[in-house]
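# Geometric and topological summary
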Amino acid sequence: MTEPGEPTGSTRRMPTVEQSEAPHMAAPDASADAREPVPTLERGDGRAGRFWSARRVPAALLALVLLGAAGLLLYDIAAVRADHSAMQWRRSLADGLAEQRLEDTSVLVGAGVAAAIGLWLILLALTPGLRDLLPMRRDRADIRAGLDRTAAALVLRDRAVEVSGVQAVRVRVGRRKAKVRAFSHFRELDDVRTDLDAVLEKAVRELGLARPPALSVQVHRPARKG
C-alpha cells in the first residue's frame with residue numbers, strides 16, 4: 001500500500017547509516033629509541049682485511065695437469081699389471097733418469113723450473129691478491145665492502161679539478177699512497193697546493209677506506225706550447 005501523496009510504484013527507502021571506521025593507528029614502537037644508530041664513518045673500529053682471490057685459473061690449470069699425469073701413470077701401471085708392456089715414454093724416462101747425473105745442465109734447469117713453479121704456487125696460496133680492490137671501513141660484522149682503485153682515483157680527480165687554478169690532474173691510487181699531480185695555469189703554486197691538500201684529505205676520509213692512503217700532492221705549471 002501507498003500512503004496519500006506518495007507516487008504510485010515507488011518504494012519506500014529506509015535511511016541508511018554509513019559507519020566509517022577510524023583507520024587503525026599502530027602504536028608507537030617502544031623499542032624505537034633503543035635501536036642502534038645508523039653507522040657513520042666516525043663510528044666503528046674500521047678494521048677490515050683484504051679480499052682474497054679465488055685463484056680459479058691457476059688452481060684449474062694445476063688440477064688439470066695433475067689429473068692428466070696421474071691418469072696416464074695409473075693407466076700404464078694397470079697395463080703392466082695386466083701383462084702388457086710399459087709405454088715408451090715411461091721406459092725412456094726411466095732410462096734417462098738412470099743415465100743422467102745430478103750436475104748435468106738439463107737436470108739443474110729442470111729442477112730450477114720445478115722449484116720456481118712451486119714457489120709461485122705457494123706465493124699464490126699465501127697472498128690474498130685482488131690488489132685493485134681496497135677494503136672499506138667495516139662497521140658491521142656481516143657486511144664487507146670494497147672500492148676499486150680506479151673509482152677512488154676518479155673521485156679524487158673530480159674533487160681536485162674543483163680547486164681554483166687547477167687546469168688538469170693526474171691521480172694514481174695505490175694500496176698505501178695516492179699520488180696526485182696537478183697543473184695550475186694561474187694562482188701561486190703554494191696556494192693551489194694548500195687548497196688541494198685540504199680538499200683531498202677530506203675526500204680521502206669520505207671514501208670510507210679501512211686504511212686511507214697517504215697523499216702525495218705535486219703542483220706544476222703546464223708546459224708552454226711552441
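Refer to the structure presented above.
Conventions and cut-offs
- Residues numbered from 1 in each chain as written.
- Predicted model: local features only at pLDDT ≥ 70, side-chain atom pairs only at ≥ 80, totals over all residues.
- Heavy atoms only, no water.
- Helix = DSSP H or I, 4+ residues; strand = E, 2+ residues; numbered from the N terminus.
- Buried < 20%, exposed > 50% of the residue type's maximum accessible area, 1.4 Å probe, protein only.
- Contact = heavy atoms within 4.5 Å.
- Salt bridge = Lys/Arg side-chain N within 4 Å of Asp/Glu carboxyl O.
- Pairing = 2+ DSSP bridges.
- Polar contact = N/O pair within 3.5 Å; in protein donor to acceptor, adjacent residues only side chain to side chain.
- Axes fitted to C-alpha atoms, helices over the stretch in contact; angles between N-to-C directions.
- Left-handed = near helix turned anticlockwise from the far one by under 90°.

## Structural notes on the overall build of the protein
In terms of helices and strands, the protein carries five helices and five strands. Counting helices and strands in the order they occur from the N terminus, the protein gives α-α-α-β-β-α-β-β-α-β. Looking at the protein as a whole, 17% of its 226 residues are labelled buried. Counted over contacts in the protein with a minimum sequence separation of 6, partners at least 24 positions apart contribute 60%.

## So, the pattern of salt bridges
This structure, assessed with the given rule, holds six salt bridges. Asp132 is the partner of Arg149 in a salt bridge, and the nearest nitrogen-oxygen pair spans 2.8 Å. Of the two residues, Arg149 sits in helix H4 (residues 149-161) while Asp132 sits in the loop between helix H3 (105-126) and strand E1 (133-135), which places them 17 residues apart along the sequence. The class for Asp132 is partly exposed, based on a relative accessible area of 46%. The closest approach of N and O atoms between Arg193 and Asp190, which form a salt bridge, is 3.1 Å. Here Asp190 and Arg193 lie together in helix H5 (residues 189-206), a separation of three residues that amounts to about one turn.

## Description of the environment of Ile77
Within the secondary structure layout, Ile77 lies in helix H1 (residues 56-81). A sequence separation of 10 residues divides Ile77 from Met87, and the C-alpha atoms of the two residues are 9.4 Å apart.

## What to know about the pairing of strand E3 (residues 166-173)
Looking at chain direction, E3 and strand E4 (residues 177-184) are connected through seven bridges and run antiparallel. When the sheet's bridge partners are listed, Val166 is paired in E4 with Ser184. Connecting the antiparallel pair E3 and E4 is a turn made up of three residues.

## Here we look at the environment of Gln88
Inspection of the secondary structure puts Gln88 in helix H2 (residues 88-99). Side chain to side chain, Gln88 and Arg91 meet in a polar contact 2.5 Å long.

## Here's the deal with unusual backbone geometry
Note: most peptide bonds trans; most residues except glycine with negative phi. Despite not being glycine, Asp83 shows a phi value in the positive range, around 65°. Note that Asp83 resides in the loop between H1 and H2. Judged by its relative accessible area of 76%, Asp83 falls in the exposed class. Even without being a glycine, Arg187 presents a positive backbone phi close to 75°. Within the secondary structure, Arg187 sits in the loop between E4 and H5. The exposure class of Arg187 is partly exposed, given its relative accessible area of 27%.

## Structural notes on the packing of H4 against H5
Packing of H4 against H5 leaves a shortest axis separation of 9 Å and a crossing angle of 150°. In the crossing of H4 with H5, the sense of the turn from one axis to the other is right-handed. On H5, the residues that touch Leu156, Arg159 and Ala160 of H4 are Leu196, Val199, Leu200, Ala203, Val204 and Glu206.

## What to know about the side chain of Asp76
The topology assignment puts Asp76 in helix H1. Judged by its relative accessible area of 1%, Asp76 is buried.

## Looking at the environment of Val171
Along the chain, Val171 falls in strand E3. Each residue touching Val171, except ones within four places of it in the same chain, is listed here: Ala153, Leu156, Arg157, Lys179 and Val180.

## Focus: the sheet that holds E4
Here three strands make up an open sheet; going across it, the order is E3-E4-E5 and the pairing mixed. In the strand order of this sheet, the two ends are held by E3 and strand E5 (214-220), each with one partner. For this sheet the average axis-to-axis angle between neighbouring strands, irrespective of direction, equals 15°. H4 rests against E3 and E4 of the sheet, and its axis sits at about 155° to E3. Strands in contact with H5 are E3, E4 and E5; relative to E5, the strand with the most contacts, it is inclined by about 150°.

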